[in-house]
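Next come the chains, spelled out residue by residue.
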Amino acid sequence: MAWFLLVLAAMLEIVWATALERSDGFTRLWPAVVGVTTAALSLVILTFVLRSLPMGTAYAVWVGLGALGVAVAGIVALGESAAPARLICLALILAGVIGLRLLDG
């Protein structure tokens with residue numbers, strides 16, 4: 001259950017980061033509200049996860065999956081670069097997350 005919640009918290013990180021980008025520096029109300037709300041919810045879920053998983057693992061996975069998801073969202077939705085070197089680096093983040101999952105079971 002902790003790993004499921006950790007992935008959920010990371011997915012919420014993707015939502016809040018994307019929403020805050022869309023808020024245009026907090027000048028657009030609803031994207032800002034969505035961003036702040038989902039950021040708080042993501043942190044709350046992470047706090048519950050920390051009861052079951054080691055802090056270093058949980059935080060690394062949360063940040064890694066969040067960063068990976070935000071980068072992919074930028075590529076898909078915002079036309080950001082999908083250069084091979086960038087994709088390799090993103091794959092390395094994913095490999096690290098998978099490695100942490102396998103090692104911490």
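Structural notes, computed from the coordinates.

Structural notes on the overall build of the protein chain
Consideration 1: Looking only at helices and strands, the protein chain has four helices and zero strands in total.
Consideration 2: Helices (α) and strands (β) of the protein chain occur, in sequence order from the N terminus, as α-α-α-α.
Consideration 3: Based on the C-alpha atoms only, the size of the protein chain along its principal axes is roughly 40 × 35 × 15 Å.
Consideration 4: Taking all 105 residues of the protein chain together, the buried fraction comes to 32%.
Consideration 5: Sequence-distant contacts in the protein chain: of pairs separated by 6 or more residues, those separated by 24 or more amount to 60%.
Consideration 6: About 6,300 Å² of surface is accessible on the protein chain, with carbon and sulfur atoms providing 76% of the total.
Consideration 7: For the protein chain, the centre of its 5 positive side-chain charges and the centre of its 5 negative side-chain charges are spaced 6 Å apart.

Considering the packing of helix α3 (residues 55-78) against helix α4 (residues 84-104)
Consideration 1: Running from amino to carboxyl end, α3 crosses α4 at an angle of 150 degrees, the nearest separation of the two axes being 10 Å. Taken together, the axes of α3 and α4 are roughly antiparallel relative to one another. Here α3 runs over α4; the crossing is left-handed. Note on element contacts: α4 touches α3 through R86, L87, L90, I93, L94, V97, L100 and D104, opposite T57, A60, V61, G64, L65, L68, A71 and I75.

Overview of a nonpolar patch on the surface
Consideration 1: Together, M1, F4 and L8 line one region of the surface with nonpolar side chains, adding up to about 360 Å² of accessible area.
Consideration 2: Overall, F4 belongs to the exposed group, its relative accessible area being 54%.

Here we look at the environment of V49
Consideration 1: By the element assignment, V49 lies in helix α2 (residues 29-49).
Consideration 2: Sequence spacing of V49 and F4 is 45 residues, and the spatial spacing of their C-alpha atoms is 9.2 Å.
Consideration 3: The contact partners of V49, leaving out residues within four places of it in the chain, are A2, L5, L6 and A58.

Things to note about the environment of F4
Consideration 1: With respect to the helices, strands and loops of the structure, F4 is situated in helix α1 (residues 2-22).
Consideration 2: Along the sequence, F4 and V63 sit 59 residues apart, while their C-alpha atoms lie 15 Å from each other.

Side note on the side chain of T38
Consideration 1: By secondary structure assignment, the location of T38 is in helix α2.
Consideration 2: On the basis of relative accessibility, which here comes to 12%, the residue T38 falls in the buried class.
Consideration 3: With near-sequence residues (within four places) excluded, T38 lies in contact with L12, V15 and W16.

A few points about α3
Consideration 1: In this model, α3 (24 residues) spans 33 Å end to end at C-alpha, consistent with the 34 Å of a helix rising 1.5 Å per residue.
Consideration 2: Here α3 has its buried residues at T57, A58, V61, W62, G64, L65, G66, L68, G69, A71, G74 and I75.
Consideration 3: For α3, the secondary structure elements touched by its buried residues are α1, α2 and α4.

About the cut-offs
- Residues numbered from 1 in each chain as written.
- Predicted model: local features only at pLDDT ≥ 70, side-chain atom pairs only at ≥ 80, totals over all residues.
- Heavy atoms only, no water.
- Helix = DSSP H or I, 4+ residues; strand = E, 2+ residues; numbered from the N terminus.
- Buried < 20%, exposed > 50% of the residue type's maximum accessible area, 1.4 Å probe, protein only.
- Contact = heavy atoms within 4.5 Å.
- Areas by Shrake-Rupley, 256 points an atom, 1.4 Å probe, with all protein chains shown as cover.
- Lys, Arg positive; Asp, Glu negative; His and termini not counted.
- Charge placed at Lys NZ, Arg CZ, Asp CG, Glu CD.
- Axes fitted to C-alpha atoms, helices over the stretch in contact; angles between N-to-C directions.
- Parallel < 35°, antiparallel > 145°, perpendicular 65-115°, else oblique.
- Left-handed = near helix turned anticlockwise from the far one by under 90°.
- Patch = residues over 30% accessible without salt bridge, like charges linked within 9 Å, V, L, I, M, F, W, Y side chains within 5 Å.
- Salt bridge = Lys/Arg side-chain N within 4 Å of Asp/Glu carboxyl O.
- Expected span 1.5 Å × (residues − 1).

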